Amino acid sequence: MKFSVCIKQVPDVSAPISIKDGTLSQDSDRMVLDAYSASAVEEALVLTEAHGGEVEVVLVGPEKAKETIRKALAMGAASGVHIHVEDISGFDSAAFAEVLAAWHKKSSYDVILTGKQSQDTDAGLTGGMLAWKLELPYVANAVGLKFEEGQFTVKRQGDSGQEMIRVQHPCLITCSNDMNDPRIPNLKGIMASKKKPVQTITLEDLGLSVEELTGKVTKTTKQGFQEVPGREPGKKFEGDAAELVATLSNLLQNEAKVL
Amino acid sequence: MATILTYVATAEGKIKRSALEVLSHSRTLAQSGGHTLEAVILDANPDAFIDTLKNYGPSKIYTVKSPLFANHLNAPVTEALAKVVDQAKPFLVTFASTESTKDVIGALASRFDAAAIPDVASFNLSGNSVEALRPVMAAKILSKTASDASLTLVSVRSGSYDATEAPSSAEVVNVDFDFDEGGLRAILKEVISGSGDKVDLSEAEVVVAAGRGIKDAEGVKLIDDLADALGAAIGASRAVTESGLFSPSLQIGQTGKVVSPQLYFAIGISGAIQHVAGMANSKVIVAINKDADAPIFQYATYGLVGDLFKIVPLLTEEIRKIKAN
């Protein structure tokens, strides 16, 4: 069974962010394996360890992103594919989906896994777009995945409750970060990763160009960043529990009028 | 005249409040831009919702009738919406940003080679161009995103707008839908709902949310009792769903549910930004936490600094007294 896991390298969202004149700046230029992608890799590893098969990771990005491919290999993926695009700043989700679709049309796989969204954009579009372009059945927002009697059963987090969905393969599944706790590569894994194959592919190899992807395929434009507006400062109280409750009760009834 | 089409989602026999919020704002934009507002309902019994929908001002309501829409699968929903979009030919389709929407919006965008701006906090029109603000970088900041494509799909976070009525007459158009159920490559086996799961948390008007301060089963009981007294839905921070104290379906946050109730209780929740992103649209926020410096107090309308194990039982008693009168 071959898993193709689409992974992304993203800025470290835990590092402090500031906005100057609408542009983003971070103290650290540390880039990391996106958390949702990491869960997708982890799940593929768990399943291939239980049922056999291999995990290949695919990443679209600059040369610097190779380190993220190596991390996935150190976790246990067998091989990597680096679709090298040095400047992805002009790509929206549709462009990534177009590139990944072109790659997957040339490659073989049983299941494609992606994160359900990525930590940089939180868009959550690429998985569904890719499934459409490849005409694959797909299940989004997976929090569990099993392979039984030759079929995949996905536990999906829906609007109310969790849905168990049986899906035929080949298929695509987008993964929640609630699915698992991605393993941290150990020294053995890191050493082994250095010998694992990473193919480098260009857009030309896929019959695509940056101009077409940023000009025609990408349909949204980013116009800058803003701070999240804060709320009106509220009232804070300390003291005896009974007094606090009496104060709150009065405010909720008479001031906020929500009780 | 250009058309704005709103997908009005239904669940458990009701129109989703978040869908009416989006419909209302779409109507505002249609009115100021001189556009037509149309709505689409997919349901086993769509006619049941027409009267309610007419109160929100669309000039046309497309109904698609099929029992398949109750089965939480993306394939029938995508196909039905695509059929209506083909017929209505809108320049803008708006949706509430629910898990069901997230399940189909990417595929729909690719099907129509449309622009998609998902999960927005706000959106407006400038001519036929769409401009939106949406949270990014794990909800730490807002990105201003625009599209002037011939078709744009926009999904909206719940509580971003108010649902406001503006009754009008509407033409009702039933769209035939013949879906080959045998062709389904993904099928629903079952829905697992624990207690409290049956309610869609993002539709609740009062929410009691538990955080790490709720350490154990005793704490869970306090939350249950308070929610019961209030008639509230229960939610939880990531920490306590991961620890197993609460079901994962109850998680509120950037990667969980986005809720926008009238009244939100954050109990033993520190207020990490990923959690706040899921509840910042709440009208009134009450925070109870023993740490006076917890970030949650920056967002709370009313903050109580103290021991929740002492405060919550007294609060529950007080609420019961109020409700009894």
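Reading the values: the criteria
Residues numbered from 1 in each chain as written. Chains lettered and ligands numbered in written order. Predicted model: local features only at pLDDT ≥ 70, side-chain atom pairs only at ≥ 80, totals over all residues. Helix = DSSP H or I, 4+ residues; strand = E, 2+ residues; numbered from the N terminus. Buried ≥ 20, exposed ≤ 12 C-beta atoms within 10 Å, placed from the backbone. Contact = placed C-beta atoms within 7 Å. Nonpolar A, V, L, I, M, F, W, Y, C, P; charged D, E, K, R; others polar. Pairing = 2+ DSSP bridges. Expected span 1.5 Å × (residues − 1). Axes fitted to C-alpha atoms, helices over the stretch in contact; angles between N-to-C directions.

Undergrad: I'd love a proper account of the overall build of chain A, names of residues and values included.
TA: Across its full length, chain A carries seven helices and 15 strands. Along the three orthogonal principal directions, the C-alpha set of chain A runs to about 65 × 50 × 40 Å. When burial is assessed residue by residue, chain A has 47% of its 259 residues classed as buried. Of all intrachain contacts in chain A linking residues separated by at least 6 positions in sequence, the fraction that spans at least 24 positions is 71%.

Undergrad: How would you sum up unusual backbone geometry? Please name residues and give values.
TA: Working note: non-glycine residues mostly have negative phi, and peptide bonds are mostly trans. Residues and elements named next belong to chain A. For the bond running from histidine 169 to proline 170, omega is 10°, close enough to zero to count as cis. Counting through the fold element by element, proline 170 comes out in the loop between strand S11 (162-167) and strand S12 (171-175). Its identity as a non-glycine residue notwithstanding, lysine 257 has a phi of 55°, on the positive side. Within the element layout of this structure, lysine 257 appears in the segment after helix H7 (241-255). Owing to 10 C-beta atoms within 10 Å, lysine 257 belongs among the exposed residues under this scheme.

Undergrad: Now, about the interface of chain B and chain A: what can you tell me, with residues and values included?
TA: The partner chain A presents 69 residues to the 75 residues of chain B that form the contact. Breaking the side of chain B that touches chain A down by element, the ones donating at least two residues are helix H4 (99-112), strand S7 (115-120), strand S9 (129-136), strand S10 (141-147), strand S13 (186-192), strand S17 (284-289), strand S18 (302-305) and helix H8 (308-324) of chain B. For the side of chain B that touches chain A, the leading source of residues is H4 of chain B, giving eleven residues. Among the residues forming the side of chain B that touches chain A, the class breakdown is 40 nonpolar, 19 polar and 16 charged. Where strand S14 (residues 221-227) of chain A and S10 of chain B come together, five bridges link them in antiparallel fashion. The partner of glutamine 226 of chain A across the bridge, within S10 of chain B, is leucine 142 of chain B.

Undergrad: Residue-level account of H7 of chain A, with values.
TA: Across its 15 residues, H7 of chain A extends 20 Å between first and last C-alpha, which sits within 8% of the 21 Å expected from 1.5 Å per residue. Buried residues in H7 of chain A make contact with strand S15 (235-238) of chain A together with S17, S18 and H8 of chain B. Just downstream of H7 of chain A lies lysine 257 of chain A, where phi reads positive at about 55°.

Undergrad: So what's going on with helix H3 (residues 74-88) of chain B? Which residues, and what values?
TA: Residue and element names in this part refer to chain B. Between the first and last C-alpha of H3 there are 21 Å, a value that for 15 residues agrees with the 21 Å anticipated at 1.5 Å per step. Taken together, the buried positions of H3 are occupied by Asn74, Ala75, Pro76, Val77, Glu79, Ala80, Leu81, Val84 and Val85. Positive backbone phi, approximately 50°, marks lysine 89, located one or two places after H3.

Undergrad: Mind laying out the sheet that holds strand S16 (residues 263-267) of chain B, listing which residues take part and the relevant values?
TA: Spatially, the six strands line up as an open sheet ordered S15(A)-S18(B)-S17(B)-S16(B)-S14(B)-S15(B), and their pairing is parallel. Among the strands making up the open sheet, the edge pair consists of S15 of chain A together with strand S15 (233-236) of chain B. Taken pair by pair, the neighbouring strands of this sheet meet at an average axis angle of 15°, ignoring direction. Of the strand pairs in this sheet, strand S14 (residues 206-210) of chain B and S15 of chain B are connected by four bridges, and their pairing is parallel. Paired with valine 207 of chain B across the strands is alanine 233 of chain B, a residue of S15 of chain B. Of the strands in this sheet, S15 of chain A together with S17 and S18 of chain B touch H7 of chain A, which is tilted by about 175° from S18 of chain B. In this fold helix H5 (residues 217-230) of chain B packs onto S14, S15 and S16 of chain B, with an angle of close to 175° to the strand it touches most, S14 of chain B.

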